[in-house]
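Here is what each chain is made of, one letter per residue.
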Amino acid sequence: MFGHAVLGRVYKPTISFAEDGAAKEAISQEFSAGTRLVISPNHLTEDDQYVIVSVVQREEVLHPLRGHTFIPSKPSLFTRPLRQGGPILRRMIDGLGAIPIVRLEDLDRQGIVITPEIEELHRKAMLRADEIQVSKLVEQRNHMAGFWEGTRNREDHTKVQRLKKGIGYTVCKATEDVDVSIVPVGICYGGKPTDYKKLAVPHKYTPHVHVHIGMPFRVETTSPEELVQVVHPAIQGCVDVAVNASMVRAAS
């Protein structure tokens, strides 16, 4: 709860819900039904996860997510240096149930040669990570938040990138035992983010953010390939609303 409370005060996005707020009631109903929710935003900067957590703190309907949601996170978020707010953000990440996920590209950036043996070890590690995440959704009755794009969008902040199937595998596996709903989310920082590489230390955080939360929808397929085809336009629709709201704000 500490992380949610602090981030709720640091990041202060404008928040809207789809269909004139009907999405808020739909989300409430999903919680009441015991459905596991997968919060699914677009991915622009390393601030995104903190913005999402601040939304959870500020919106009462999302409070059931607090302390009951895990976020697959890249290892660097657990080792950030002091000058980038490392210790404080690390405590927040841990409190939010973050699970370190090592990508092959992360190893490559560290100068590690990707041999067939490394690829096989990585494959086994990802299978184990998926088992843990499914267990959290099914047995521990947790919810999930994750970035389906996999990497930050460095090309066009208004267009959602091609989605990867990693989260889809986890979700489809969980649906064998529980009901799972996707909650698409669009984030816009009022324009193209000025720096995709560095995290904005919270006390220096200045961009105004608009977050649009879409209608939740049940996962009806066991195919990750089919699921990403449904999730992509849902996230894009939320991004379109967030971008438009930001443009209107800028023009006023």
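Coordinates for the structure precede this section.
Just so it is clear, the model here is predicted, and its values are computed rather than measured.

Quick word on the overall build of the protein chain
Now for step 1: Scanning the protein chain for helices and strands turns up 8 helices and 8 strands.
Now for step 2: For the protein chain, long-range pairs separated by at least 24 residues make up 82% of all intrachain contacts whose partners lie at least 6 apart in sequence.
Now for step 3: Working note: accessible area of the protein chain is about 12600 Å², and carbon and sulfur atoms make up 53% of it.

Focus: the nonpolar core
General note: in soluble globular proteins, nonpolar side chains tend to be found buried as a group.
Now for step 1: Formed by 25 residues in total, the largest nonpolar core has its most connected members in I27, L62, V185, V211 and I213.
Now for step 2: Sorting the residues of this core by element identifies β1 (14-17), α2 (22-32), β2 (36-41), α3 (48-58), β6 (180-188) and β7 (210-213) as the ones contributing at least two each.
Now for step 3: Broken down by element, the residue count for this core peaks at 4 residues, all from α3.
Now for step 4: Beyond its immediate sequence surroundings of up to four residues, L62 is in contact with I27, F31, V55, V56 and I213.
Now for step 5: If you look at the next biggest cluster of nonpolar residues, it comprises 24 residues, including M144, V178, V219 and V239.

Examining the packing of helix α7 (residues 166-174) against helix α8 (residues 224-251)
Now for step 1: With their axes 9 Å apart at the nearest point, α7 and α8 run at an angle of 110 degrees to one another. As the angle between them shows, α7 and α8 are arranged roughly perpendicular. Where α7 crosses over α8, the handedness of that crossing is right-handed. In contact with G168, Y169, V171 and C172 of α7, α8 contributes P224, E225 and L227.
Now for step 2: Split by residue class, the contact of α7 with α8 holds 5 nonpolar, 1 polar and 1 charged.

Let's talk about α3
Now for step 1: Most of α3 sits out of view: 9 of its 11 residues are buried.
Now for step 2: Those residues of α3 not exposed but buried are D48, Q49, Y50, V51, I52, V53, S54, V55 and V56.

Some thoughts on the environment of D240
Now for step 1: By the secondary structure assignment, D240 is in helix α8.
Now for step 2: Given a relative accessible area of 40%, D240 falls into the partly exposed group.
Now for step 3: Separated by 81 residues in the primary sequence, D240 and K159 have C-alpha atoms spaced 8.3 Å apart.

Thoughts on the pattern of salt bridges
Now for step 1: Within the structure shown, the criterion is met by 5 salt bridges.
Now for step 2: A salt bridge links K24 to E59; the shortest N-O distance between them is 3.4 Å. With K24 in helix α2 and E59 in the loop between α3 and β3 (69-73), this pair connects stretches of sequence that are 35 residues apart.
Now for step 3: Judged by relative accessible area, which is 35%, K24 ranks as partly exposed.
Now for step 4: By relative accessible area, which is 14% here, E59 ends up buried.
Now for step 5: One salt bridge connects E225 with K165, and the closest N-O pair in it is separated by 3.5 Å. One end of the pair, E225, is in helix α8; the other, K165, is in the loop between β5 (143-145) and α7, with 60 residues separating them in the sequence.
Now for step 6: A relative accessible area of 38% places E225 in the partly exposed class.
Now for step 7: Taking relative accessible area as the criterion, K165 reaches 33% and is therefore assigned partly exposed.
Now for step 8: One salt-bridge network, in which partners are shared between bridges, spans E30, D179 and R218.

What about the pairing of β2?
Now for step 1: Counted residue by residue, β2 has 6 buried out of 6 residues, so it is predominantly covered.
Now for step 2: Here β2 shows no split at all, with R36, V38 and S40 on one side and L37, I39 and P41 on the other all buried.
Now for step 3: Pairing of β2 with β6, which is carried by 6 bridges, proceeds in the parallel orientation. Within β6, the position partnered with V38 by the bridge is I182.
Now for step 4: The sheet contact formed by β2 and β5 spans 2 bridges and is parallel. Considered in β5, the bridge of I39 is made with A145.

Quick notes on the rules
Residues numbered from 1 in each chain as written. Predicted model: local features only at pLDDT ≥ 70, side-chain atom pairs only at ≥ 80, totals over all residues. Heavy atoms only, no water. Helix = DSSP H or I, 4+ residues; strand = E, 2+ residues; numbered from the N terminus. Contact = heavy atoms within 4.5 Å. Areas by Shrake-Rupley, 256 points an atom, 1.4 Å probe, with all protein chains shown as cover. Core = buried A, V, L, I, M, F, W, Y, C linked by side-chain atoms within 4.5 Å. Buried < 20%, exposed > 50% of the residue type's maximum accessible area, 1.4 Å probe, protein only. Axes fitted to C-alpha atoms, helices over the stretch in contact; angles between N-to-C directions. Parallel < 35°, antiparallel > 145°, perpendicular 65-115°, else oblique. Left-handed = near helix turned anticlockwise from the far one by under 90°. Nonpolar A, V, L, I, M, F, W, Y, C, P; charged D, E, K, R; others polar. Salt bridge = Lys/Arg side-chain N within 4 Å of Asp/Glu carboxyl O. Pairing = 2+ DSSP bridges.

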